[in-house]
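Residues per chain, in single letters:
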Amino acid sequence: MEILHVSAECYPVAKAGGLGDVVGALPKYLTEAGHINKVVMPMYRTKFLYENKWEVVHKSSAYLGNTWFDYTIIKETTNKLGFDLYLVDINGLLDREKIYGYADDTERFTSFQIAVVDWLSSWKHRPDILHVHDHHTALIPFMVKYCYQYSHLEDIPTVLTIHNAQYQGWMDWSKSDYIPHWDGWRWGILDWNNMINPLAAGIRSAWKVTTVSWSYLYEMRQDSNGLEALFEYEKGKCAGIINGIDSDVWNPETDSYLTDHYSIDSLAAGKRANKEALCAEFNLNPDKPLFVFIGRLVGEKAADLLPRAIGDSLYYIDQRMNFLVLGSGETHVEQELENMRSYWMGFYNSKIGYNEQLSHRMYAGADFLLMPSRVEPCGLNQLYAMRYGTVPVVRRTGGLRDTVIDIGEPGGYGISFNNASVGDITHGVYRAVELYEDQLRFDGIRRKLMELDFGWDVSAKQYIDLYKSLLP
Ligand SMILES: Nc1ncnc2c1ncn2[C@@H]1O[C@H](COP(=O)(O)OP(=O)(O)O[C@H]2O[C@H](CO)[C@@H](O)[C@H](O)[C@H]2O)[C@@H](O)[C@H]1O
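Numbering of residues starts from 1 in each chain and follows the order in which that chain's sequence is written. Two thresholds apply to this predicted model, a pLDDT of at least 70 for residue-level local features and 80 or more for giving and counting side-chain atom pairs, whereas whole-chain, interface and lining totals are computed over all residues.

### What about the site of the ligand?
The condition that has to hold: All residues are tested the same way: a C-beta atom is placed from the backbone, and lying within 6 Å of a molecule or strand makes the residue near it. Numbering of helices and strands runs from the N terminus; a helix is a DSSP stretch of H or I covering at least four residues, while a strand is a stretch of E covering at least two. As used throughout, domain bounds are those supplied by an automatic or database domain assignment.
Around the ligand there are 26 residues in total, and Gly17, Gly18, His163, Cys378 and Leu380 lie nearest to it. No other element matches helix 1 (residues 18–32), which puts four residues into the shell around the ligand. Counting contributing residues, the shell around the ligand receives three or more from each of domain 1 (2–244 + 457–468) and domain 2 (264–451).

Set out below in structure tokens:
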């Protein structure tokens with residue numbers, strides 16, 4: 001089978017979060033299972049672009065509304081990632097430092113999708129499956145079905161994976177001419193509450209829709225930023241497939257970002273060495289349990305609750321722990337987290353920004369990972385933490401519910417709580433501190449975590465079965 005994946009992110013080329021991790025790993029594991037995989041993404045100005053060799057494979061032009069744009073498809077020449085990697089260059093629109101966050105993101109990602117479909121229409125053969133990810137690529141299933149110019153592609157089965165239904169790519173109807181000349185009778189497929197909603201259009205047009213855990217699939221029917229009724233209506237073509245972790249990248253025995261490597265046999269000493277280095281750098285006490293938070297500082301992750309939950313934990317649980325936060329996002333949360341540093345000096349520290357290396361060192365050096373998310377489609381952080389022998393302290397939601405079993409339940413290995421609230425987080429921290437102070441039990445749990453298997457093999461097989469179900 002040949003699968004073409006289309007995405008806004010792919011690690012290590014460009015990553016803003018979990019989408020990048022998944023699109024960097026899934027094609028690799030599908031290739032190992034014997035299939036041909038190609039990934040196409042925008043050409044941003046990233047380190048990976050400048051450090052690798054590229055050849056031009058296609059050049060053409062297309063329209064975005066009334067604007068004629070040239071695009072170029074380049075291919076990485078050495079198959080470095082284990083699959084074919086293509087970048088779409090559209091001068092001035094995509095070649096920027098950041099992936100998202102520009103006023104013209106609608107124009108950027110719509111042009112990208114048009115260029116991909118236009119390029120695909122020139123292929124001499126067709127991929128067997130077109131797999132698109134999140135709203136930035138969700139207009140593609142609509143385009144191959146309903147744009148006259150590309151209707152010869154309509155037989156290619158399309159799969160849309162939703163990594164996050166909160167973001168839907170809403171566009172004003174005044175921009176409807178951005179989509180290449182399309183069958184006007186189909187306006188209802190694009191529309192959701194008087195806006196063009198690319199995610200909704202993708203859900204309606206794709207042959208299959210997947211999301212990244214079973215619980216999130218169910219939860220989207222109750223709460224998905226306005227699309228609840230659509231998920232209920234389309235549930236017959238939706239499936240949940242949990243993400244895996246890429247063990248080439250996330251392995252404490254070989255992780256290139258760590259100086260002190262460890263395995264299950266050297267767990268205690270290895271983690272201690274990583275913890276001491278972190279604590280020395282961030283002025284924390286290595287003899288106390290270290291809690292870390294890594295992630296986007298946004299409402300979905302309940303990052304706004306962190307300042308009070310950390311303050312309350314330190315105050316009410318007698319400073320029996322340390323906290324270290326890494327993340328970026330909403331300015332007021334960033335500021336609050338920064339401001340707390342002087343008040344809780346020696347017990348708390350934060351690093352605002354995106355730092356891949358530090359994140360790996362934190363998974364390795366921490367005792368506990370805090371994830372109080374309000375919404376968590378799958379969550380990779382808790383999987384990485386467990387692989388590194390770090391106990392997850394999570395809210396029971398989405399993929400966190402599916403991957404973390406509370407220590408109070410048979411076979412449990414994590415700490416779970418029900419509500420994204422300061423009280424529940426603080427109680428979770430209290431239970432974690434009590435666990436840490438029972439060193440024998442704590443060590444047993446850490447060993448159990450490192451033995452768990454969250455690899456990609458099972459999930460890759462589920463994707464293969466799903467693709468096969470779409471072939472004649
Ligand atoms: N400041 C920072 N510095 C360094 N690294 C940082 C960082 N902030 C985040 N990261 C990294 O980004 C990734 C975050 O992945 P998640 O899956 O937990 O969340 P995200 O919301 O981005 O993904 C969405 O898509 C994924 C993939 O499907 C789902 O698992 C998830 O639930 C869904 O919300 C991890 O690799 C983490 O280490």
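### What to know about the environment of Ser151
Defined as follows: Backbone-placed C-beta atoms define the burial measure: a residue is buried with 20 or more other C-beta atoms within 10 Å of its own, exposed with 12 or fewer, and partly exposed in between.
If you trace the backbone, Ser151 turns up in the loop between helix 4 (139–146) and strand 7 (158–162). We classify Ser151 as partly exposed; it has 15 C-beta atoms within 10 Å.

### Re the domain arrangement of the protein chain
What counts is decided by this rule: The contact rule is simple: place each C-beta atom from the backbone, and if two of them lie within 7 Å, those residues are in contact. By the convention adopted, Pro, Cys, Tyr, Trp, Phe, Met, Ile, Leu, Val and Ala count as nonpolar, Lys, Arg, Asp and Glu as charged, and the other residues, Gly among them, as polar.
Domain annotation of the protein chain identifies domain 1 (2–244 + 457–468) and domain 2 (264–451). On a C-alpha basis, the centres of domain 1 and domain 2 stand 33 Å from each other. Counting residues at the interface gives 15 residues for domain 1, matched by 10 residues for domain 2. Of all the elements in the fold, those that place two or more residues in the side of domain 1 that touches domain 2 are helix 1 and helix 7 (214–219). Sort the elements by how many residues they give to the side of domain 1 that touches domain 2 and helix 7 lands first, with four residues. Its residues placed into classes, the side of domain 1 that touches domain 2 shows four nonpolar, nine polar and two charged.

### Structural notes on the nonpolar core
Our working definition: A set of buried residues drawn from Ala, Val, Leu, Ile, Met, Phe, Trp, Tyr and Cys, joined through C-beta atoms within 7 Å, is what defines a nonpolar core.
The biggest cluster of nonpolar side chains holds 138 residues, and the ones touching the most others in it are Val88, Val116, Ile140 and Val292. If one sorts the elements of this core by residue count, helix 3 (residues 105–120) sits on top with eight residues. Each of domain 1 (2–244 + 457–468) and domain 2 (264–451) gives at least three residues to this core. Setting aside residues up to four positions removed in sequence, Val88 forms contacts with Val40, Pro42, Met43, Tyr71, Ile73, Leu94, Phe112, Ala115 and Val116.

### Thoughts on the pairing of strand 5 (residues 84–89)
Put simply, the test is: Pairing between strands is defined by DSSP: at least two bridges between the two strands are required.
Counted residue by residue, strand 5 has five buried out of six residues, so it is predominantly covered. Inspection of the sheet shows strand 2 (residues 36–42) paired to strand 5 by five bridges, in the parallel sense. Considered in strand 5, the bridge of Val39 is made with Leu85. Sheet analysis places strand 4 (residues 67–76) next to strand 5, joined by four bridges and oriented antiparallel. When the bridges of strand 5 are listed, Ile73 appears paired with Val88.

### Quick word on the UniProt feature "binding site: ADP-alpha-D-glucose" (unreviewed entry) in the protein chain
Quick note on the threshold: UniProt positions are given in the numbering used here, feature names are shortened, and annotations may be inferred rather than shown by experiment.
Under the local residue numbering, the UniProt record ascribes the feature "binding site: ADP-alpha-D-glucose" (unreviewed entry) to Lys15. Along the polypeptide, Lys15 turns up in the loop between strand 1 (2–6) and helix 1. Lys15 gets classed as partly exposed once you count the C-beta atoms within 10 Å, which come to 19. Discounting residues that sit within four places of it in the chain, Lys15 has contacts with Glu9, Gly20 and Asp21.

### Quick word on the packing of helix 1 against helix 17 (residues 457–468)
Definition in use: Angles here are taken between N-to-C directions and fall from 0 to 180 degrees, while the axes themselves are lines fitted to C-alpha atoms, restricted in helices to the stretch in contact. Here is the rule for angles: anything less than 35 degrees is roughly parallel, anything more than 145 is roughly antiparallel, 65 through 115 is roughly perpendicular, and the remaining ranges are oblique.
It is the contact of helix 1 with helix 17, at a shortest axis distance of 9 Å, that shows an interaxial angle of 75°. With respect to helix 17, the axis of helix 1 lies roughly perpendicular. Residues Leu26, Tyr29 and Leu30 of helix 1 form the contact with helix 17, whose own contacting residues are Asp457, Ala460, Tyr463 and Ile464. The residue inventory of the contact of helix 1 with helix 17, partitioned by class, reads six nonpolar, no polar and one charged.

### Quick notes on the sheet that holds strand 10 (residues 208–211)
Spatial strand order, 3-4-5-2-1-6-7-10-11: nine strands in an open sheet with mixed pairing. Because the sheet does not close on itself, it has two edges, and the strands there are strand 3 (54–64) and strand 11 (238–240). Here the strands of the sheet are splayed against their neighbours by 20° on average, with no regard to which way each runs. Of the strands in this sheet, strand 1, strand 2, strand 3, strand 4 and strand 5 touch helix 3, which is tilted by about 110° from strand 3. Contacts from helix 4 reach strand 1, strand 6 (129–133) and strand 7, with the element oriented near 160° to strand 7.

### Looking at helix 10 (residues 306–316)
Helical geometry: 3.6 residues make up each α-helical turn, so side chains three or four residues apart lie on a common side. Here helix 10 has its buried residues at Leu306, Pro307, Ala309, Ile310, Ser313 and Leu314. The elements touched by buried residues of helix 10 are strand 12 (290–297), strand 13 (322–329), helix 11 (331–343), strand 14 (348–352) and helix 15 (422–437). Note on helix 10: the residue one or two positions beyond its end, Asp318, has a positive phi of about 55°.

### Describing unusual backbone geometry
Pro12 follows Tyr11 through a cis peptide bond whose omega is 5°. If you trace the backbone, Pro12 turns up in the loop between strand 1 and helix 1. Despite not being glycine, Asn283 has its phi angle at roughly 55°, a positive value. Summarising the element assignment, Asn283 is placed in the loop between helix 9 (267–282) and strand 12. Looking at Asn283, the number of C-beta atoms within 10 Å reads 13, which means it is partly exposed. Residues other than glycine seldom take positive phi values, yet Ala302 does so here, at roughly 55°. Structurally, Ala302 can be placed in the loop between strand 12 and helix 10.

### So, helix 1
For clarity, the cut-off: To estimate how far a helix should reach, multiply one less than its number of residues by 1.5 Å.
Counted at 1.5 Å a residue, the expected span for helix 1 with its 15 residues is 21 Å, and the 21 Å between its end C-alpha atoms agrees. Of all 15 residues making up helix 1, 13 are buried, and the element is well covered by its neighbours. Note on helix 1: the residue one or two positions beyond its end, Gly34, has a positive phi of about 100°.

### Some details on the environment of Pro198
Take Pro198: it is sitting in helix 6 (residues 198–205). The sequence separation of Pro198 and Leu139 amounts to 59 residues, and the corresponding C-alpha distance is 5.4 Å. Residues contacting Pro198, with those up to four places away along its chain left out, are His135, Ala138, Leu139, Gln168, Gly169 and Met171.

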